[in-house]
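This is what each chain is made of:
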Amino acid sequence: MANIFFIGFMGTGKSTVGRALTERIGWKFIDTDQEIVRREKRSIPEIFASQGEAYYRELESQVIADVARNDNQVVTTGGGAVLRRENLCHMRKNGFIISLHATPEAIIERVRNQSDRPLLQQGELTEQVHRLLRERAGLYDQADLIIDTTTLTVREIVEQILRAP
Ligand code: S3P
């Protein structure tokens, strides 16, 4: 297997699970948002504020395309990576895609006191989460494995992944 890619809405546990899985299988861990920050030398909120979402989406696609050229990596993507078909194509061609789901209530609880997600700073949190989930309906189902993380521990999620065919 070339790579394992995680997709999923904000707050579904991609980074936590991705890191825990990496510890178990010893592959390289790459978070595409961290890679963007490294390349741009500024934070995600700064990029959104100064150049806007469209510019950020270009960077995100570039990083996914670059990362997909290598092997044996666990790659966690931002929640909006599914918005572009080309991103999913790169992931599908070069690895196994795991989608993490969670209920809107669990997502809201997990992201509530975090200020690093520009798309959730634009209005009332509950409304924003429901609106984005509606806009993205179905996009998080395009995966080889779907796991609902709402009531599972990180260890249980990692075990499910390791048991997957
Ligand atoms: C986004 C999710 C964030 C980050 C950016 C946009 C999205 O990543 O990429 O704020 O569009 O859902 P996480 O899913 O890791 O929070």
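Above this note sits the structure.
As the structure is a prediction and not an experimental result, all values here were calculated from the model.

Draft legend 1. A look at the pairing of strand 5 (residues 145–148). Only one face of strand 5 is covered, namely the one carrying L145 and I147; the face carrying I146 and D148 has none of its residues buried. Here strand 4 (residues 96–101) pairs with strand 5 via four bridges, running parallel. Note on strand 5: the bridge partner recorded for I98 is L145.

Draft legend 2. The site of the ligand, seen in detail. Neighbouring the ligand are the residues M10, K14, D33, Y56, R57, G78, G79, G80, R117, P118, L119 and R136. One of the side-chain N or O atoms of D33 is found 2.6 Å from an oxygen atom in the ligand. Within the side chain of R136, an N or O atom sits 2.7 Å from an oxygen atom of the ligand. In the complex, the protein chains occlude 93% of the 380 Å² of accessible area that the ligand would expose alone. When grouped by side-chain class, the residues that make up the shell around the ligand number four nonpolar, three polar and five charged.

Draft legend 3. Here's a closer look at the packing of helix 3 (residues 44–67) against helix 4 (residues 85–94). Following both chains from N to C, one finds helix 3 and helix 4 inclined at 15°, their axes separated by 9 Å at the closest point. With respect to their mutual orientation, helix 3 and helix 4 come out roughly parallel. Pair helix 3 / helix 4 crosses with left-handed handedness. Here helix 3 contributes S61, I64 and A65 to the contact with helix 4, which in turn contributes E86, N87, H90 and M91.

Calculation criteria
- Residues numbered from 1 in each chain as written.
- Predicted model: local features only at pLDDT ≥ 70, side-chain atom pairs only at ≥ 80, totals over all residues.
- Heavy atoms only, no water.
- Buried < 20%, exposed > 50% of the residue type's maximum accessible area, 1.4 Å probe, protein only.
- Helix = DSSP H or I, 4+ residues; strand = E, 2+ residues; numbered from the N terminus.
- Pairing = 2+ DSSP bridges.
- Near = heavy atom within 4 Å.
- Polar contact = N/O pair within 3.5 Å; in protein donor to acceptor, adjacent residues only side chain to side chain.
- Areas by Shrake-Rupley, 256 points an atom, 1.4 Å probe, with all protein chains shown as cover.
- Nonpolar A, V, L, I, M, F, W, Y, C, P; charged D, E, K, R; others polar.
- Axes fitted to C-alpha atoms, helices over the stretch in contact; angles between N-to-C directions.
- Parallel < 35°, antiparallel > 145°, perpendicular 65-115°, else oblique.
- Left-handed = near helix turned anticlockwise from the far one by under 90°.
- Contact = heavy atoms within 4.5 Å.

By themselves, these figures tell us nothing about what the structure is for.
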